[in-house]
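Secondary and tertiary structure notes
One letter stands for each residue in the lines below.
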Amino acid sequence: MMRWTLKSLGTQIASTLASAGGVAGAFLFVLFLEAVFLGESKQIVAYIEHMEPDIWVMQHGVSNMHMASSFVWDWKLDAVVEMDGVEKVTSILYVNTMVRAGDRDWFTYVVGLVEGDKRAGPWAMKSGSASPGPGEIVIPALFAESSGAGLGSSVSVADKKFTVVGLSLGTFSMANSVAFVSFGDLVNILSAGGTVSYGLVDLEPGSDAAAMARRIEAEVEKVSALPHPEFVRNDFNMAMRMGVDVVAFMRVIGSALAVAIIAFTALVQVSRRRRELAIAKALGVTNRSIYFSVVLQTVLITTAGYAVALALALGVAPMISLFVPEVTLLVSTGSLLRMGAVALVVAVIAAMVPAYMVNQVDPLTAFQG
Amino acid sequence: MASSKLIRADGVSKHFGTGHTQVRAVDGVSLKIGYGELVLIMGPSGSGKTTLLSMLGGLLRPTQGRIEVAGTEITVMKEAELPDVRARLVGFVFQSFNLMEALTVEENILFPAQLIPGGIAAARPRARELIERLNLRERRDSLPKTLSGGEKQRVAIARALINEPPLILADEPTGNLDSRTGQEVMMILFDITRDENRSVVLVTHDPRVEEIADRILWLEDGKLRDRKSEDHSWVRDPVCGMRIDEWTAVHTWERSDSKYVFCSARCKERFVEAPDQYVNA
Ligand SMILES: Nc1ncnc2c1ncn2[C@@H]1O[C@H](COP(=O)(O)OP(=O)(O)OP(=O)(O)O)[C@@H](O)[C@H]1O
Ligand SMILES: [Mg+2]
């Protein structure tokens, strides 16, 4: 039975391969989408991940950074610095806005840095200075490359002109890049004198961040204080939520496409093998065995499609990032495993259609000439 | 309780459709066939031969009546039990060979072996033996599409015999072969089944087989009738000169008030291409 099934698949090699290729395409489409989405979401939290203070302090009720706005009176952070166990508090101003370089606009986290303090600045530089003075800006190197800007070029943030003094690495994402200006410039743009957006709290070694965060919230009125891991998690979830529905939708479409392709192939192959299936029935093969043979076919095709998609995803994804550095791809094991499970379900669903046809095959047709 | 007869059929009928359009393909047929018997079923086209054969082989349920094969009443069996009966008790030989295109000669012969206990491994020696006996040694690893018609039908015969069923059912097994090849194939089939004491129920239009058959059943309009062997109306095939019973012939051709009868589709084709060549000769 196995041998017959496999060899019959072999004689229909073109349609089998085409089908496996189609399935691979559908799976790859979903994998790629998930990889882009995950990579971008990861990139959105790149800034806060790299800052890694023990605690983030922000306006009461705010719990993350992406798409959020937070203003805290600066004297509240002065109070935090005074607390036992706190080593240092770094203030940043922050706004989510468009940065225009050349004729391109980028959605960007603009971070205002206290002059001379590198704690909250870019973590890797390609060239230039990492701490912008008044009228100066540090932009992602990729951002500069794709818009033709460079050191000394002029870019605008909220209609104000800045001169590029530094090109940073790891700060680019299609959805959300990071640029740095001086604290004073951002005060002007935001008309936010006397406030800061976030305080990055570094504790003395051996302190308990969770306990300290609770103490800050208790002792300084109307601020939220979150340990770093929780803050990152909140931000990542927020970033994910933005695209989750789209990806879930595409996942359904991709899987449905795979089902359709496999079901169609199975259908074509069953109808082409109709005569032989009738002969097999006449010779005494049970409906169940024939059905098994059809399911085996769809499982094989699906597995082949999945394997091709897997190989391409793992082999080609890194190369895509090499050639198109703007796109951050992250192929996760979770994504691959989920796709594997989907593939299995897809194969079984797809096999239901021809199963009906198998039942319809009449062994008496074997007698026809 | 073992039965001395391989097949007992009692009042078997098969009706297709209902009302005005109802066809009584087989109508109240009763028969008994013993072990080792060679029985011919003959009759005009549409008389119910294939339908009867299908019912005897457990492929088709009668509308009425009961059929017993090798002591098992197959007419009361569940649908799901019939495939096993076919695999163990019946070997089928079809007019159109019906080999699996993707499988080699040996794999085709072994195909039904997977359906019985022991499976393919246990059946290998038997397959070897049949391959020798049917003179297929050179063709063992060939695919069906590379075989001649006669070779294909020999493979089909080996496949029918692989599980050593007591009953072989053959529906016009030589219908797609020319008369010489057909005769060879027929002789091989009878040889082996005689040697192995298997019963053969054979549907054929070939009158030459009548001489070696133990019994001839004449089917007409779904009913069994007695027919004495003198009832032939012999004519000659204008192409090969073979003697044919005009009554049962299927390959016929009419032209300007003359009716010609042929042993096979081959002869008919040749004749139709150039009738004058044969008529005036
Ligand atoms: N599935 C079916 N549905 C309806 N009518 C059928 C069916 N199978 C057979 N018949 C009818 O039953 C009658 C007997 O058919 P059957 O095929 O048994 O004849 P036959 O003797 O084998 O003919 P031939 O010599 O042409 O093969 C015919 O009238 C045929 O049209
Ligand atoms: Mg027939």
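Use the structure listed above.
Conventions adopted
- Residues numbered from 1 in each chain as written.
- Chains lettered and ligands numbered in written order.
- Predicted model: local features only at pLDDT ≥ 70, side-chain atom pairs only at ≥ 80, totals over all residues.
- Heavy atoms only, no water.
- Helix = DSSP H or I, 4+ residues; strand = E, 2+ residues; numbered from the N terminus.
- Polar contact = N/O pair within 3.5 Å; in protein donor to acceptor, adjacent residues only side chain to side chain.
- Contact = heavy atoms within 4.5 Å.
- Axes fitted to C-alpha atoms, helices over the stretch in contact; angles between N-to-C directions.
- Parallel < 35°, antiparallel > 145°, perpendicular 65-115°, else oblique.
- Left-handed = near helix turned anticlockwise from the far one by under 90°.
- Nonpolar A, V, L, I, M, F, W, Y, C, P; charged D, E, K, R; others polar.
- Buried < 20%, exposed > 50% of the residue type's maximum accessible area, 1.4 Å probe, protein only.
- Salt bridge = Lys/Arg side-chain N within 4 Å of Asp/Glu carboxyl O.
- Pairing = 2+ DSSP bridges.
- Near = heavy atom within 4 Å.
- Areas by Shrake-Rupley, 256 points an atom, 1.4 Å probe, with all protein chains shown as cover.

The next subject is the side chain of B:Ser13. All names here are of chain B. By the secondary structure assignment, serine 13 is in strand β1 (residues 5-16). Among the polar contacts listed, one links the side chain of serine 13 to the backbone nitrogen of glycine 28, at a separation of 2.8 Å. Not counting residues up to four positions away in its chain, the partners in contact with serine 13 are Val26, Asp27, Gly28, Met55, Pro62, Thr63 and Gln64.

All names here are of chain A. Remark: helix α1 (residues 2-11) packs on helix α10 (residues 287-323), axes separated minimally by 10 Å, with the N-to-C direction vectors making an angle of 50 degrees. Relative to α10, α1 is oriented oblique. In this structure, α1 meets α10 at a crossing whose hand is right-handed. On the side of α1, the interface is formed by Met2, Thr5, Leu6 and Leu9, while α10 contributes Ser293, Leu296, Gln297 and Leu300. Its residues placed into classes, the contact of α1 with α10 shows five nonpolar, three polar and no charged.

Turning our attention to unusual backbone geometry. What you tend to see is this: most non-glycine residues have negative phi, and most peptide bonds are trans. Residues and elements named next belong to chain A. With a phi angle near 50 degrees, alanine 158 is a residue other than glycine that sits in the positive phi range. Here alanine 158 lies in the loop between β7 (154-157) and β8 (160-168). A relative accessible area of 41% means that alanine 158 is categorised as partly exposed. Phi angles above zero are rare outside glycine, and lysine 222 is one such case at about 55 degrees.

What follows is about the pattern of salt bridges. Per the counting criterion, the structure on display carries 30 salt bridges over all chains. One salt bridge connects A:Arg119 with A:Asp202, and the closest N-O pair in it is separated by 2.9 Å. Within this pair, whereas A:Arg119 is found in the loop between β4 (104-113) and β5 (125-128), its partner A:Asp202 is found in strand β11 (residues 198-203), the two being separated by 83 residues in sequence. You can call A:Asp202 buried: its relative accessible area is 13%. Residues B:Arg215 and B:Glu37 are paired through a salt bridge, measuring 2.8 Å at the closest nitrogen-oxygen approach. You can see B:Arg215 sitting in strand β9 (residues 215-220) and its partner B:Glu37 sitting in the loop between β2 (23-34) and β3 (38-42), a full 178 residues away along the chain.

Quick look at the side chain of A:Ser19 now. Residues and elements named next belong to chain A. With respect to the helices, strands and loops of the structure, serine 19 is situated in helix α2 (residues 13-44). The class for serine 19 is buried, based on a relative accessible area of 4%. Discounting residues that sit within four places of it in the chain, serine 19 has contacts with Ile261, Ile262, Thr265 and Ile301.

All names here are of chain A. Note that glycine 193 resides in the loop between α6 (183-190) and β10 (195-196). According to the relative accessible area criterion, glycine 193 is partly exposed, its value standing at 48%. Separated by 119 residues in the primary sequence, glycine 193 and aspartate 74 have C-alpha atoms spaced 9.2 Å apart. Excluding anything up to four places from it in sequence, glycine 193 contacts Trp73 and Val187.

Residues and elements named next belong to chain B. Taken in spatial order, the six strands make up an open sheet running β6-β7-β8-β3-β9-β10, and their pairing is mixed. If you trace the sheet from one side to the other, it starts and ends with β6 (90-93) and β10 (223-225), each paired once. Ignoring strand direction, the axes of neighbouring strands in this sheet form an average angle of 25 degrees. The pairing of strand β7 (residues 167-171) with strand β8 (residues 199-203) spans five bridges and is parallel. Bridge assignment links isoleucine 168 to a residue of β8, and that residue is valine 200. Across the sheet, helix α1 (residues 49-56) lies against β3, β7, β8 and β9, angled at about 155 degrees from β7, the strand it touches most.

Let us now look at the site of ligand 1. All names here are of chain B. With respect to spatial proximity, the complete set of residues near ligand 1 consists of Phe16, Val23, Ala25, Pro44, Ser45, Gly46, Ser47, Gly48, Lys49, Thr50, Thr51 and Glu172. In this structure, an oxygen atom belonging to ligand 1 sits 2.6 Å away from a side-chain N or O atom of serine 45. Surface burial for ligand 1 is 58%, taken as the share of its 630 Å² of free accessible area covered by protein chains. When residues of the shell around ligand 1 are traced back to their parent elements, those giving at least two are β2 and α1. Of the residues forming the shell around ligand 1, the biggest block, three residues, is contributed by α1.

Interpretation note: all reported values are geometric properties and have no functional meaning in isolation.
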